[in-house]
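Read off the chains here:
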Amino acid sequence: MPPDKVCKTVHQYGSMPVSREDMEKLQEIAEDYSRVKNYVYAGFGGIGGLSKIYPGYTVQNEIMKRGLREALGMPSVYFRLAIFDALGEVKSQWTKTKSEILKRIGSNGSLTEGEKHYLRYLLKVNNAFDAVLNRKEVSLRQDLQRQFEMLAGCIDRKKADNYLRRQVRRIHVRPHTDSRDGFSLAERAYRYGDHGIYITAKEKRKRIFIPLTDGNQYTRQLYLKLYPQQGHVEIKVPVDVRVRKHKDYKGRIGLAAGMYVMFTTDEGHAYGEMLGQYQKELEGWIRTQSMRHRADGAGEAGRKKYTDRKRKQTRQLHTYINTELNRLLRTEKPEAIYIPKLPRPRTYGRDRDINYFVNMWQRGYIKKRLVQKCREQSIGIVEVYGKGIGRECSQCGAYGYRQDWVFRCPACGYRIQEKRNTARNVKVRGEGITAKIKRTAVWMNEGEYSLILPKGPDGSF
């Protein structure tokens, strides 16, 4: 993708319920799509399939010869796409596995530096990685083979290879899907027209027509999401939008995140002050409905009503979040934003009310939307190490305490609203990191920070 463009997802919706007959046809395609993906996962998701998943045509040709498509009666336009979707997820799973092994190698004190270097080399070179896992002779092109033999000759290779195999067995998970509520559409599988979209069915020369709420037309791969109980569909369209650059966006701000107030800046400005209220209402309603459902044993109609109401309330919450994020960027006009790396979700004590509320915190959605909006507006984001950041005094650096939403420093006597104190510390850490960065990255994890979308070619803002 060109550097001046960023991908975002737009949504299209059906303007009226899909007939039961057409919905069943779409569900049949979705079920076959899921079966094909699970077939690929089962056959090529383990170490035995490593040599075949790159670039993927080997897998496609092999599966085509087995007659699976004919057995399912599935159009090739869906069959091939399901294979490549599954292969993409298999590759993604292997990337996660390698990343986790890389972390373990770095923190393993029983490995020598030579053994660590050798293992990192295997993780980097796919053919060598595949050969070691499958206990085959490593055969690479001449320059790589020379490098491999040099690294292997200086260590206990058997020990290192066994360590790698053991870690893969512990970490790697073969993908699987139970989702049958949607499928991807290649360009040849649909056609826009008559203020709607025609989708290829399993029957030859038959298409399913779905009227849409808008007249927009796209020529790219789509994803069709099915809601059988409501009789509705949703189309997700990835589009490339031009990055906007603002000459008047020059500020640098630190942000403190919260469950009740979405963000507080280092200047004390609050955005998303009603976030806690929205989340509390959603959490209370879900908890009440769940208890009632367990007590009364609500039927299909009750479950449909519950799902529709939950989706509506969640959509309202997300609309509020996006509105406040837009207000933040429009008001603060930042060139760079510094945010703390939030801790992982966990259960807080034995108070059920608190646990329910924490589970409703839209932290992941908020971060995802903030990153996306900043990329679209050419705003840099630096994520800083957040441990202990709320207990430091932003005036003198000593440790203080929080009481009644106010931070108090016993060392210098400084008092300030606790979230603003955190935001000031975030900004100080972020500016220190920015000064050290000398290279470009889209997302770079270095233990203490992550850099997201730097502005300049040298990594500076």
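Since we're looking at a predicted model, the values are computed, not measured.

## Re the nonpolar core
No. 1: In terms of nonpolar packing, the biggest core is built from 73 residues, with Tyr118 and Phe183 touching the most fellow members.
No. 2: The element that contributes the greatest number of residues to this core is helix H4 (residues 76-107), accounting for twelve residues.
No. 3: Among all residues touching phenylalanine 183, those that are not within four sequence positions of it are Leu26, Ile29, Ala30, Tyr33, Tyr78, Leu222, Tyr223, Leu224 and Leu226.
No. 4: Leu282, Tyr306, Ile337 and Ile339 belong to the second-largest nonpolar core, a separate cluster that totals 27 residues.

## Notes on the sheet that holds strand S15 (residues 415-417)
No. 1: With antiparallel pairing, three strands are arranged side by side in an open sheet as S13-S14-S15. Single-partner strands in this sheet number two, and they are strand S13 (401-403) and S15. Between one strand and the next, the sheet's axes are offset by a mean angle of 30 degrees, whatever the strand orientation.
No. 2: Of the pairings in the sheet, the one linking strand S14 (residues 406-408) to S15 comprises three bridges and is antiparallel in character. Following the sheet pairing, arginine 408 is matched in S15 by arginine 415.

## Considerations on the packing of aromatic side chains
No. 1: Evaluated as defined, the whole model comprises nine aromatic pairs.
No. 2: With a centroid separation of 5.4 Å and 85 degrees between ring planes, the pair formed by tyrosine 78 and phenylalanine 183 is classed as edge-to-face. Residue tyrosine 78 is located in helix H4, and its partner phenylalanine 183 is located in strand S2 (residues 182-185); the two are separated by 105 residues in the primary sequence.
No. 3: Judged by its relative accessible area of 0%, phenylalanine 183 falls in the buried class.
No. 4: Taken together, the ring pairs in this structure connect Tyr33, Tyr78 and Phe183 into an aromatic cluster.
No. 5: Across from the ring centre of phenylalanine 129, 4.7 Å away, lies the NZ or CZ of lysine 98, which sits over that ring.
No. 6: Stacked on the ring of tyrosine 198, the Lys or Arg arginine 191 has its end atom at 4.4 Å from the ring centre.

## So, the pairing of strand S8 (residues 251-257)
For a regular strand, the rule is simple: side chains alternate between the two faces of the sheet.
No. 1: A large share of S8 lies buried, amounting to five of its seven residues.
No. 2: Pairing of S8 with strand S11 (residues 334-340), which is carried by four bridges, proceeds in the parallel orientation. Residue pairing across strands places isoleucine 253 opposite isoleucine 337, the latter belonging to S11.
No. 3: Relative to strand S9 (residues 263-265), S8 runs antiparallel, the two sharing three bridges. Within S9, the residue paired with alanine 257 across the bridge is phenylalanine 263.
No. 4: Linking two consecutive strands that pair antiparallel, namely S8 and S9, is a turn of five residues.

## Section: the side chain of threonine 265
No. 1: Within the secondary structure layout, threonine 265 lies in strand S9.
No. 2: Residue classification places threonine 265 among the buried positions, given a relative accessible area of 0%.
No. 3: Residues within four places of threonine 265 in sequence aside, it is in contact with Gly254, Leu255, Tyr271, Glu332, Arg420 and Ala423.

Here is what the cut-offs are and how they apply
- Residues numbered from 1 in each chain as written.
- Predicted model: local features only at pLDDT ≥ 70, side-chain atom pairs only at ≥ 80, totals over all residues.
- Heavy atoms only, no water.
- Core = buried A, V, L, I, M, F, W, Y, C linked by side-chain atoms within 4.5 Å.
- Buried < 20%, exposed > 50% of the residue type's maximum accessible area, 1.4 Å probe, protein only.
- Helix = DSSP H or I, 4+ residues; strand = E, 2+ residues; numbered from the N terminus.
- Contact = heavy atoms within 4.5 Å.
- Pairing = 2+ DSSP bridges.
- Axes fitted to C-alpha atoms, helices over the stretch in contact; angles between N-to-C directions.
- Phe/Tyr/Trp six-rings, centres within 6.5 Å; stacked < 30°, edge-to-face > 60°.
- Lys NZ or Arg CZ within 6 Å of the ring centre and 35° of its normal.

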